[in-house]
Protein chains: 2
Amino acid sequence: MFEQLGLIGCGLMGGSFAMAMKRAGLVKRVVGYSKSPSTTERARQMGVIDVEAPSALLAVSGADIVLLAVPVAATEATFKAIRHLVTANMLVMDVGSTKRDVVEAAHRVLRDHVASFVPAHPIAGKEVSGVEHADPDLYQGKQVILTPTERTLPAHVRRAQELWEGLGCHVHQMAPESHDAAFAAVSHLPHLIAFALMHGILHQYNGKEFLGLGGPGFKDFTRIAASDPKMWRDILLANRVELVEQAKMFQRSLMTMMKLAEDGEGEKLEELITEASNARAHWRMGQKLK
Amino acid sequence: MFEQLGLIGCGLMGGSFAMAMKRAGLVKRVVGYSKSPSTTERARQMGVIDVEAPSALLAVSGADIVLLAVPVAATEATFKAIRHLVTANMLVMDVGSTKRDVVEAAHRVLRDHVASFVPAHPIAGKEVSGVEHADPDLYQGKQVILTPTERTLPAHVRRAQELWEGLGCHVHQMAPESHDAAFAAVSHLPHLIAFALMHGILHQYNGKEFLGLGGPGFKDFTRIAASDPKMWRDILLANRVELVEQAKMFQRSLMTMMKLAEDGEGEKLEELITEASNARAHWRMGQKLK
């Protein structure tokens with residue numbers, strides 16, 4: 001149970017966290033700050049936060065738990081803004097989709113107080129953003145990855161784990177590097193592909209007509225292409241090393257299958273499709289594939 | 001209104017068509033044939049068809065409307081099996097996802113009776129197959145593309161159009177080549193990509209662990225990867241020329257965006273993502289993009 005949450009970034013992720021913490025009775029008071037004053041004001045009017053802070057630093061003042069829910073590219077600047085008030089007893093977390101860059105920024109900026117920082121990535125989101133879409137159920141039943149380093153205080157990791165479990169999440173620990181490779185594969189690359197597919201169609205003659213013919217498969221496949229451009233620009237840039245690795249592996253698979261289709265190698269093509277189809281048919285969110 | 005539907009292929013697509021036609025009062029009697037006798041029997045037990053035919057030819061005998069609902073690769077053989085009983089008054093349609101190969105097969109095999117054939121592609125489906133998933137609502141509200149050639153009898157095209165409209169569909173006409181290019185872009189390539197993505201992840205060290213971390217975005221993006229392997233092998237092979245064209249355009253877009261991420265060109269990357277994101281955000285199934 002926490003006394004005061006300092007929430008930096010009152011958008012979809014941060015707002016949903018504050019609402020879920022309040023509902024679960026895990027925090028008494030939420031002090032919020034957003035870069036845009038109108039967002040902070042709206043969050044307070046909606047009851048998502050109790051008090052508006054005029055700066056990130058003042059949002060941290062007096063808090064025993066701090067959540068950074070800002071675009072990953074803004075993480076380092078946010079650490080700089082708050083570092084003078086981070087204490088050893090304070091649990092500091094983020095919700096960023098990349099972890100290696102965040103951990104490096106924490107080490108650079110927080111120095112000794114990096115012990116208070118438990119890097120976190122809740123696997124939840126919507127293709128819409130903003131506090132008006134905040135939802136206390138956003139994290140319910142979802143996975144949360146914690147990527148503590150050897151300098152993170154184990155007691156803070158335990159508190160972080162209990163907190164997310166208290167919000168109905170399944171918590172796993174991974175090294176930041178493994179996290180980034182995994183999410184390059186299952187999230188960042190699929191987003192990049194969805195953007196590139198839309199782009200490739202839009203720029204051909206009759207492309208808009210073609211798009212009008214997309215059915216239910218196209219709808220689901222491209223849903224993530226509608227995601228927030230600034231947020232995804234930042235994620236793709238932050239995780240570019242792993243992303244490029246994954247993209248290369250994907251392209252090899254794509255080239256292999258395309259070549260089989262071109263050469264009329266039906267049997268071998270069917271074999272590869274069957275493998276993919278079986279794996280996907282047995283896939284369940286939040287469960288390790290057998 | 002038709003007297004007797006000769007249904008060749010009593011699976012998901014064919015079974016759903018028979019159920020929808022019956023419910024709409026558009027046909028009195030359905031005579032069905034499937035390659036596997038157990039499928040035909042199950043279709044009759046479920047009331048999807050009224051009479052089991054022992055061969056494709058006998059399913060056509062006495063019919064005033066015939067629907068081929070077989071894998072695209074089986075189309076030519078099916079035309080050969082039925083051609084002796086195809087008449088000038090009979091409306092013959094298929095439901096295949098590719099049209100150029102089907103039209104060519106029809107010309108080769110049906111000769112003069114090709115006038116009776118109205119190539120059709122209802123944009124509907126499920127990632128599961130089989131008569132047990134047949135659903136009279138499958139076609140409701142969906143688009144149907146007709147690709148008549150200069151040899152198709154206009155009266156048959158009109159009857160086909162009215163029939164699909166009677167099932168609640170929106171009907172468009174296109175040339176077979178335009179159809180195949182469009183569906184390579186919005187359906188066949190997305191399937192190939194989804195198969196290749198699953199494949200690329202499965203074959204890396206820790207791949208199964210990675211898959212366990214996929215969230216809601218991954219779930220929707222890869223849903224089509226669970227599709228039927230034989231059916232998709234046939235579609236990818238049948239439409240390989242257009243598929244390869246589309247795959248090349250997609251790969252150019254992907255390479256461009258990857259390069260921008262690698263080079264840290266955030267502004268330009270955001271521009272391309274924004275274009276894709278806006279297009280997808282304004283996309284509505286069945287509507288031409290403005």
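Residues numbered from 1 in each chain as written. Chains lettered and ligands numbered in written order. Predicted model: local features only at pLDDT ≥ 70, side-chain atom pairs only at ≥ 80, totals over all residues. Heavy atoms only, no water.

Further remarks concern the overall build of chain A. Regarding its fold elements, chain A presents twelve helices and nine strands. A compact globule built from 290 residues should have a C-alpha radius of gyration of about 19 Å, and chain A, at 21 Å, falls within 12% of that. In terms of its C-alpha atoms, chain A occupies a principal-axis envelope of roughly 70 × 40 × 30 Å. Buried residues in chain A amount to 59% of all 290 residues. Partitioning the intrachain contacts of chain A with sequence separation of at least 6 by distance along the chain shows that 75% fall at a separation of at least 24. For chain A, the accessible area works out to roughly 11,600 Å², and carbon and sulfur atoms hold 51% of it. Distance from the positive charge centre (32 side chains) to the negative charge centre (32 side chains) of chain A: 5 Å. (Helix = DSSP H or I, 4+ residues; strand = E, 2+ residues; numbered from the N terminus. Rg over C-alpha atoms; globule rule 2.2 N^0.38 Å. Buried < 20%, exposed > 50% of the residue type's maximum accessible area, 1.4 Å probe, protein only. Contact = heavy atoms within 4.5 Å. Areas by Shrake-Rupley, 256 points an atom, 1.4 Å probe, with all protein chains shown as cover. Lys, Arg positive; Asp, Glu negative; His and termini not counted. Charge placed at Lys NZ, Arg CZ, Asp CG, Glu CD.)

Turning our attention to the packing of helix α11 (residues 240-262) of chain A against helix α12 (residues 266-282) of chain A. Residue and element names in this part refer to chain A. Two elements in contact, α11 and α12, have axes separated by 8 Å at closest approach and are oriented at 145°. Where α11 crosses over α12, the two elements pack in a sense that is left-handed. On α12, the residues that touch Thr256, Met257, Leu260 and Ala261 of α11 are Lys268, Leu269, Leu272 and Ile273. (Axes fitted to C-alpha atoms, helices over the stretch in contact; angles between N-to-C directions. Left-handed = near helix turned anticlockwise from the far one by under 90°.)

This brings us to the interface of chain A and chain B. With 88 residues of chain A at the contact, the number on the chain B side is 89 residues. Carbon and sulfur atoms supply 72% of the area buried between chain A and chain B, which totals about 8,300 Å² over both sides. Among the residues of chain A in contact with chain B, Leu213(A), Phe221(A) and Arg280(A) are the three that bury the most area, contributing 9% of the side total. For the interface between chain A and chain B, the tally reads 31 residue pairs in polar contact (both at pLDDT 80 or more). At the level of elements, β8 (143-146), α7 (176-202), α8 (207-211), α9 (216-222), α10 (229-238), α11 and α12 of chain A are the ones that each hand at least two residues to the side of chain A that touches chain B. Residue contributions to the side of chain A that touches chain B peak at 19 residues, all from α7(A). A per-class count over the side of chain A that touches chain B returns 51 nonpolar, 21 polar and 16 charged. (Buried area = accessible area lost by both parts, 1.4 Å probe. Polar contact = N/O pair within 3.5 Å; in protein donor to acceptor, adjacent residues only side chain to side chain. Nonpolar A, V, L, I, M, F, W, Y, C, P; charged D, E, K, R; others polar.)

Time to look at the domain arrangement of chain A. All names here are of chain A. Domain boundaries assigned for chain A yield domain 1 (2-174) and domain 2 (178-282). The interface of domain 1 with domain 2 comprises 15 residues on the first partner and 16 residues on the second. Of the roughly 1,200 Å² buried where domain 1 meets domain 2, counting both sides, 64% is carbon and sulfur surface. Where domain 1 meets domain 2, there are one salt bridge. Note that Arg100 and Glu242 form a salt bridge whose closest N and O atoms lie 3.7 Å from each other. On inspection of domain 1 and its partner domain 2, the count reaches four residue pairs in polar contact (both at pLDDT 80 or more). Looking at the side of domain 1 that touches domain 2 residue by residue, the classes come out as six nonpolar, five polar and four charged. (Domains from an automatic or database assignment. Salt bridge = Lys/Arg side-chain N within 4 Å of Asp/Glu carboxyl O.)

One pass over the full model with this rule turns up twelve aromatic pairs over all chains. Pairing Tyr139(A) with Trp164(A) gives two aromatic rings, centres 5.5 Å apart and planes at 75°, and the pair type is edge-to-face. On the criterion of sequence distance, the pair formed by Tyr139(A) in the loop between β7 (120-122) and β8 and Trp164(A) in helix α6 (residues 154-166) is long-range, its members being 25 residues apart. Judged by its relative accessible area of 0%, Tyr139(A) falls in the buried class. Classification of Trp164(A) as buried rests on a relative accessible area of 0%. With centroids separated by 4.2 Å and ring planes inclined at 20°, the aromatic side chains of Phe221(A) and Phe221(B) adopt a geometry described as stacked. Here Phe221(B) lies in helix α9 (residues 216-222) and Phe221(A) lies in helix α9, a pairing that spans two chains. We note that Phe221(A), like Phe221(B), is buried. (Phe/Tyr/Trp six-rings, centres within 6.5 Å; stacked < 30°, edge-to-face > 60°.)

The residue Ser277(B) is located in helix α12 (residues 266-282) in this model. Ser277(B) sits in the buried class, given a relative accessible area of 5%. Those residues in contact with Ser277(B), other than ones at most four positions away along the chain, are Ala225(A), Ala226(A), Ser227(A) and Pro229(A).

Okay, unusual backbone geometry next. One non-glycine residue, Arg111(A), lies in the positive phi region at around 50°. On the secondary structure map, Arg111(A) appears in the loop between α5 (100-110) and β6 (117-118). The residue Asn206(B) is not glycine, and still its phi comes out positive at about 75°. In this fold, Asn206(B) is placed in the loop between α7 (176-202) and α8 (207-211).

All names here are of chain A. As paired elements, β8 and strand β9 (residues 170-173) share four bridges and run parallel to each other. In the strand pairing of β9, Val144 is matched with Val171. Considered for its hand, the β-α-β crossover made up of β8, α6 and β9 is right-handed. (Pairing = 2+ DSSP bridges. Right-handed = clockwise from strand over helix to strand, strands pointing away.)

Here we come to the sheet that holds β8(A). All names here are of chain A. As summarised here, the arrangement of the three strands in space is β7-β8-β9, forming an open sheet in which the pairing is mixed. The open sheet has two free edges, formed respectively by β7 and β9, since each of these has just one partner strand. Recorded for the sheet is a direction-independent mean angle of 20° between the axes of neighbouring strands.

Turning our attention to the relation of the copies chain A and chain B. Overlaying chain A with chain B gives an RMSD of 0.1 Å, the required rotation being 180° about an axis along which the chain moves by 0.0 Å. The superposition operator between the copies reduces to a two-fold rotation axis. No C-alpha of chain A approaches the rotation axis more nearly than that of Phe221(A), which lies at 2.1 Å. Counting the interface residues of chain A, we find that 100% of their copies in chain B are interface residues as well, pointing to one common contact surface. (Least-squares fit on C-alpha atoms with pLDDT ≥ 70 in both.)

Right, let's get into the nonpolar core. If you look at the biggest cluster of nonpolar residues, it comprises 135 residues, and the most contacted ones within it are Ile8(A), Ile193(A), Phe250(A), Ile8(B), Val66(B), Ile193(B) and Phe250(B). Not counting residues up to four positions away in its chain, the partners in contact with Ile8(B) are Tyr33(B), Ala56(B), Ala59(B), Val60(B), Val66(B), Leu67(B), Leu68(B), Ala69(B), Val70(B), Thr78(B) and Ile82(B). (Core = buried A, V, L, I, M, F, W, Y, C linked by side-chain atoms within 4.5 Å.)

It is worth spelling out helix α10 (residues 229-238) of chain B at this point. Burial of α10(B) is extensive: seven of the ten residues sit out of reach of the surface. All of the buried residues in α10(B) are Pro229(B), Trp232(B), Arg233(B), Asp234(B), Ile235(B), Leu236(B) and Leu237(B). For α10(B), the elements touching its buried residues are α11 and α12 of chain A together with α7 and α11 (240-262) of chain B.

Opposite charge on two side chains allows them to pair when their charged atoms are near. One pass over the full model with this rule turns up 30 salt bridges over all chains. One salt bridge connects Lys230(A) with Glu270(B), and the closest N-O pair in it is separated by 2.8 Å. Within this pair, whereas Lys230(A) is found in helix α10, its partner Glu270(B) is found in helix α12, the two belonging to separate chains. Owing to a relative accessible area of 47%, Lys230(A) belongs among the partly exposed residues under this scheme.

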